[in-house]
Amino acid sequence: MADVDRHRDLLRRLAGVDVVVLLLAGLNAKQRKRLIERRVAFMAPGAQLYVPEMLLDQREHFRAAPPAAPERFSPTAQVVAIAALLGREIDGENATALARRFGVAPMSMGRALDELEAAGVVDAHRIGRQRQVRMKMTGGELWRAVENRLQSPVRKVRGVVIPYPQEVRALVAGESALASYTALASPRTQRLAIAAADWNRASRAWGLQPAERFDPRRDEIETWSYDPACLARDNVVDPLSLYLSVRDSRDERVAQAADQLLETMPW
């Protein structure tokens, strides 16, 4: 560093100038700190220009490229999209309020808003420390923009015997729910849904027991990638999550009922 000071002073005298700026191909944090401490003017292209004699300290900040839109939404992003499609209030909400409403961590909601922004369906701009949400499209336009990014929320279907049905807090799902929305006949086996994260606790609390396929006492419980209760009404899973869970059914009756369910949406 003493050599730097000596050469700088020599150049000042020879060139008859007050300011000499070192041009550096690159420097690390320790070198930067030492130069600034000794008030040595320098320029590292693309990184920093520091000229204390002229009160200049400019640093180049490179903004990361925006994330690409995912082929499939995360469960939290899907919940927000479906809520908007169902006409639930999203505009004007902030990320913290949405995280609280849908029962997810604020960090998960932040990532979900990034996904929705990348897909071009949401504007989540910052106001102070919060991100406020504005839907850029609604109804049929929104559905066409997100349909291929939505997936079945069902992770697993478990056959169970429910010894105390009155204690079970689960939502009607699958064909059982489809029968409540359409003219499809109710199936013999009841189908229910809970969040996958609640399965271990619920199975112990409700005393659930595994059931063989042809056991006449058998019910079925779907475990979902998100909590179905956050979108449900009247103890039945919401129609769009239901549609996503049955749209690829090999049963022609169920597939037709799923199409009929989608046709009932007010788009």
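Details of the structure are given in the entry above.
Computed from a predicted structure; not experimentally measured.

What follows concerns the environment of A193. Assignment of secondary structure puts A193 in strand β9 (residues 191-195). Separated by 151 residues in sequence, A193 and F42 have C-alpha atoms that sit 64 Å apart. Discounting residues that sit within four places of it in the chain, A193 has contacts with A170, L171, A173, E222, W224, P228 and V237.

So, on to the nonpolar core. Ranked by size, the top nonpolar core spans 64 residues in total, and within it I90, F102, M109 and L116 carry the most contacts. The leading source of residues in this core is helix α3 (residues 75-85), at eight residues. In contact with I90, not counting residues within four places along its chain, are V80, A83, A84, L98, R101, F102, V133 and M135. Counting six residues, the second largest nonpolar core, distinct from the first, contains L27, L35, V40 and Y50.

On to the sheet that holds strand β1 (residues 22-23), then. Pairing in this open sheet of four strands is mixed, and the strands run β1-β2-β3-β4 from one edge to the other. Every interior strand has two partners, whereas the edge strands, β1 and β4 (56-59), have only one.

For residues that are not glycine, phi is negative in most cases, and the peptide bond is trans in most cases. Even without being a glycine, R39 presents a positive backbone phi close to 55°. Structurally, R39 can be placed in the loop between α2 (29-37) and β2 (42-44). One non-glycine residue, D234, lies in positive phi territory at about 55°. Mapped onto the fold, D234 is located in the loop between β11 (219-224) and α9 (239-246). Owing to a relative accessible area of 74%, D234 belongs among the exposed residues under this scheme.

Within the open sheet, the five strands sit side by side as β8-β9-β11-β7-β10. Their pairing is mixed. If you trace the sheet from one side to the other, it starts and ends with β8 (171-172) and β10 (209-210), each paired once. Both β9 and β11 contribute to a ladder of five bridges, which runs parallel. Its bridge partner lying in β11, R191 is registered against E220.

So, about helix α7 (residues 174-181). Among the residues making up α7, those that are buried are G174, S176, A177, L178 and A179. Where α7 is buried, its residues meet β8, β9, β11, α9 and α10 (252-263).

Applying the stated criterion to the full structure yields ten salt bridges. For the salt bridge of D123 with R134, the shortest nitrogen-to-oxygen distance reads 3.8 Å. Taken together, the residues span a long stretch of sequence, with D123 in strand β5 (residues 122-127) and R134 in strand β6 (residues 130-135) at a distance of eleven residues. Given the relative accessible area of 23%, D123 is considered partly exposed. The closest approach of N and O atoms between E222 and R191, which form a salt bridge, is 2.7 Å. Linking E222 in strand β11 with R191 in strand β9, this pair joins segments that are 31 residues apart in sequence. Salt bridges linked by common partners bring R191, R218, E220 and E222 together as one network.

Take the layout of surface pockets next. Summary: where empty space remains is shown by rolling a probe the size of a single water molecule over the atoms. Volume-wise, the largest pocket comes out at about 310 Å³. G174, E175, R191, E220 and E222 are the residues nearest the centre of the largest pocket, which is lined by 15 residues in total. A per-class count over the lining of the largest pocket returns five nonpolar, five polar and five charged. Estimates place the volume of the second largest pocket at around 180 Å³. The wall of the second largest pocket is formed by R188, T189, R213, F214, D215, P216, R218 and E220.

We now examine a nonpolar patch on the surface. Where nonpolar side chains cluster on the molecular surface, the patch consists of V21, L23 and M43 and spans about 270 Å² of accessible area. Tracing the chain through its elements places M43 in strand β2. Relative accessible area serves as the criterion here: at 34%, M43 is assigned to the partly exposed category.

We now examine the packing of α3 against α9. α9 packs onto α3 with a crossing angle of 120° between their chain directions and a minimal axis gap of 9 Å. On the basis of the axis angle, α3 is oblique to α9. For the pair α3 and α9, the contacting residues are Q78, I82 and L85 in the first and L240, S241 and L244 in the second. Taken together, the residues of the contact of α3 with α9 break down into four nonpolar, two polar and no charged.

Here is what the cut-offs are and how they apply
- Residues numbered from 1 in each chain as written.
- Predicted model: local features only at pLDDT ≥ 70, side-chain atom pairs only at ≥ 80, totals over all residues.
- Heavy atoms only, no water.
- Helix = DSSP H or I, 4+ residues; strand = E, 2+ residues; numbered from the N terminus.
- Contact = heavy atoms within 4.5 Å.
- Core = buried A, V, L, I, M, F, W, Y, C linked by side-chain atoms within 4.5 Å.
- Buried < 20%, exposed > 50% of the residue type's maximum accessible area, 1.4 Å probe, protein only.
- Pairing = 2+ DSSP bridges.
- Salt bridge = Lys/Arg side-chain N within 4 Å of Asp/Glu carboxyl O.
- 1 Å grid on protein atoms, 1.4 Å probe; cavity = no way out; pocket = protein on both sides within 12 Å on 5 of 7 lines; lining within 4 Å.
- Points joined across faces, edges and corners; volume = space filled by probe spheres on them.
- Nonpolar A, V, L, I, M, F, W, Y, C, P; charged D, E, K, R; others polar.
- Patch = residues over 30% accessible without salt bridge, like charges linked within 9 Å, V, L, I, M, F, W, Y side chains within 5 Å.
- Areas by Shrake-Rupley, 256 points an atom, 1.4 Å probe, with all protein chains shown as cover.
- Axes fitted to C-alpha atoms, helices over the stretch in contact; angles between N-to-C directions.
- Parallel < 35°, antiparallel > 145°, perpendicular 65-115°, else oblique.

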